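# Reading the structure
This is what each chain is made of:
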2 protein chains.
Amino acid sequence: MRILIDAMGGDHAPEAIVRGAIDAAAEFGAQIVLVGRGEAILKSLSALGLDTLPKGVEVANADDVVDMCDDPATVIRTRPDSSMVVGLRMLAEGAGDAFISAGSTGALLSAATLIVKRVKGVRRAALCPEIPTKNGSALLIDCGANAECTPEFLAQFAVLGSIYAQKVQGKERPRVALLNIGAEESKGGALQKEAFSLLRQADDLGVIRFVGNMEARDVFQDTVDVVVADGFSGNVLLKTIEGTASFMSGMLKELFLRSALTKLAAVICRGGIRAFKSKLDYREVGGTMLLGISKPVVKAHGSSDARAIRSAVRQAMEAVNGGMADELRTRIQALSQISPTKDK
Amino acid sequence: MRILIDAMGGDHAPEAIVRGAIDAAAEFGAQIVLVGRGEAILKSLSALGLDTLPKGVEVANADDVVDMCDDPATVIRTRPDSSMVVGLRMLAEGAGDAFISAGSTGALLSAATLIVKRVKGVRRAALCPEIPTKNGSALLIDCGANAECTPEFLAQFAVLGSIYAQKVQGKERPRVALLNIGAEESKGGALQKEAFSLLRQADDLGVIRFVGNMEARDVFQDTVDVVVADGFSGNVLLKTIEGTASFMSGMLKELFLRSALTKLAAVICRGGIRAFKSKLDYREVGGTMLLGISKPVVKAHGSSDARAIRSAVRQAMEAVNGGMADELRTRIQALSQISPTKDK
């Protein structure tokens, strides 16, 4: 298996990317292709004390880099030689099995859609992060790729998330819920009411397992495996978790820094505090899958360090092993019986 | 000043309501009118060891109670003798200066709109909770009263929140931000893009002080005083904070229960832990203002205890003292220059 990695994307590129890739190659036995400026990659290697490429790591040269300010919609035209575009072309042409980038989310979404293409019948690719819960995790789909959604998009997201949960996470009959502002069927706006009806029909057809509406506060309760949302409210949910977790971690730190005695308490609890902080830490989770694209594409966090990149490689490998595309085509086809596909 | 309280609304009514009302009367010197079933209220009093009404507390009889299952839109017709409807009638007729209820949010919103009426020109009343931040708080408007919003509604919410922040919270030039999925002007769906333009125009006119888009993760940073959102995503934000805070508090508890030593650490840190837990505790904040109604109406949390009711009374008194209605009429009028009012 060959995992293509955008060596130039993210706040800590290329150093952190190169280091994470090397770790992943050694640990998971993956064949890694670092796509980017050869010279910069070699410099990162020598900073790590390496004068040759380690076993399992290759370099594919790409002279340009996508900038965060670039218009996402046009990068494949304006930055044809960028590490992101070159890497995605290699993926489309079969020179790798999955692609990882910590670069611009919008550019990755747009370029992956144009170069690698969506699975037939899929209207929109969607970002699908894993949210850590009490005893496991829940997938959130979409979390920002599509600010504006139709009920049909949401029904398709349910299928995308369900298949990922089954094929990659090994959950047998993943429970799908619709993010809403109350449990009752009548809750939400027109989008949620229509999506609710489509999701129930999809459940009747056996395409997904729909368990109803879910309020945002219940996302940690392990009652649901896939949370379906439009990209706007999904993004609000995800970033509120991030903000609240960081706010509370900060308070916890203050709590322990109050006095010599509380500092002692911190020493006693240090194992627990580490676990507490890492629970909602993106570096453990890896990246966010971009589902609906015909081959696995992983969006790593912009501030990814080597550990985050290593986790993203593991995630990409799991996605390749899961092999979602065929199942996805079949079920999207089944879904179209209740949700007539129109050209949009 | 006379504060009307729905004695029968909420999970712990009437006991917790009566107790909170008595505490508030004693502490804040408010004149309280408990609206509800006289017999049940007297029983709650005697459970507190009181055989007469304490100074500053009156009872207004109402034989019926709004049920959580009642259709919110029709309670004023189906439950004319309920504590909520009777209390709101008293408010409309001038028998009190503010009304507090821990009963059904939908029913309160609908009945307050129909009985007490919105301020002239205000399209929709909105729920406006205070979110505790690092060094203060931020208002979130709307958080669920209006699942479906127009850009004009959002611009009006900005005015409602700004005036509350000024008149009641004493913030001189409150900073208003639009909840969005990125900082750039081009972010979000059509609703956000159009709202952004209206908010900027309102800033140009001096009606509000607009500081741009804000991502959900930044709500705790004290950079903003009023966060404007449609009721759906505002509700997602609020409930995600609630869920994440409760999830993390649970983890913290586990952390301290691990061993005899960590239990000792918990004793050392108990003051800090209390502060940590109470930071995101609704009982400290009081209730959620229902802004846009011509007189102050406070929605207390459904699971309000006596402390929460006491806080809600303080909040209602502050709102009465603030006297928003005149200023609101003036500024909504000014806003209509850029956002032509249509009958909807």
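Thresholds applied
Residues numbered from 1 in each chain as written. Chains lettered and ligands numbered in written order. Predicted model: local features only at pLDDT ≥ 70, side-chain atom pairs only at ≥ 80, totals over all residues. Heavy atoms only, no water. UniProt positions renumbered as here; feature names shortened; annotations may be inferred. Phe/Tyr/Trp six-rings, centres within 6.5 Å; stacked < 30°, edge-to-face > 60°. Helix = DSSP H or I, 4+ residues; strand = E, 2+ residues; numbered from the N terminus. Buried < 20%, exposed > 50% of the residue type's maximum accessible area, 1.4 Å probe, protein only. Least-squares fit on C-alpha atoms with pLDDT ≥ 70 in both. Contact = heavy atoms within 4.5 Å. Buried area = accessible area lost by both parts, 1.4 Å probe. Salt bridge = Lys/Arg side-chain N within 4 Å of Asp/Glu carboxyl O. Pairing = 2+ DSSP bridges. Right-handed = clockwise from strand over helix to strand, strands pointing away.

If you look chain A up in an unreviewed UniProt entry, it shows as Phosphate acyltransferase from Candidatus Avoscillospira avicola. As recorded by UniProt, the Pathway (unreviewed entry) comment attached to chain A reads in full: "Lipid metabolism; phospholipid metabolism."

### A few points about the packing of aromatic side chains
Tallied over the entire structure, the rule returns 5 aromatic pairs over all chains. When the ring of Phe196(A) is compared with that of Phe210(A), the centres are 5.2 Å apart and the planes differ by 80°; the resulting orientation is edge-to-face. Pair noted here: Phe196(A) is in helix H7 (residues 190-204) and Phe210(A) is in strand S9 (residues 209-214), with a separation of 14 residues, a long-range link. Both residues of the pair, Phe196(A) and Phe210(A), belong to the buried class. Between Phe256(A) and Phe256(B), the ring centres sit 6.2 Å apart and the planes meet at 45°, which makes this aromatic pair tilted. Taken together, the residues Phe256(A) in helix H8 (residues 231-256) and Phe256(B) in helix H8 (residues 231-256) connect one chain to another.

### Regarding the relation of the copies chain A and chain B
Each copy superposes on the other: chain A lies on chain B with an RMSD of 0.0 Å after a rotation of 180° and an axial shift of 0.0 Å. What the rotation and shift describe, once combined, is the action of a two-fold rotation axis. Among all C-alpha atoms of chain A, that of Ala265(A) lies closest to the rotation axis, at 2.2 Å. Taken as a fraction of all interface residues of chain A, those also at the interface in chain B reach 100%, which identifies the copy contact as same-surface.

### Observations regarding the interface of chain A and chain B
At the interface, 50 residues of chain A touch 50 residues of chain B. Note on chain A versus chain B: buried area summed over both sides is about 4300 Å², and carbon and sulfur give 79% of it. Among the residues of chain A in contact with chain B, Ile181(A), Phe232(A) and Phe247(A) are the three that bury the most area, contributing 16% of the side total. The closest approach of N and O atoms between Lys239(B) and Glu215(A), which form a salt bridge, is 2.1 Å.

### Remarks on the pairing of strand S2 (residues 31-36) of chain B
All names here are of chain B. S2 sits mainly inside the fold: 5 of its 6 residues count as buried. In this structure, strand S1 (residues 2-6) lies alongside S2, joined through 5 bridges in parallel fashion. If you follow Arg2 over to S2, its bridge partner there is Gln31. In this region the chain leaves S1, passes through helix H1 (residues 15-28) and returns to the parallel neighbour S2; the handedness of that crossover is right-handed. In terms of strand pairing, S2 meets strand S3 (residues 57-61) through 5 bridges, oriented parallel. In the strand pairing of S3, Gly36 is matched with Asn61.

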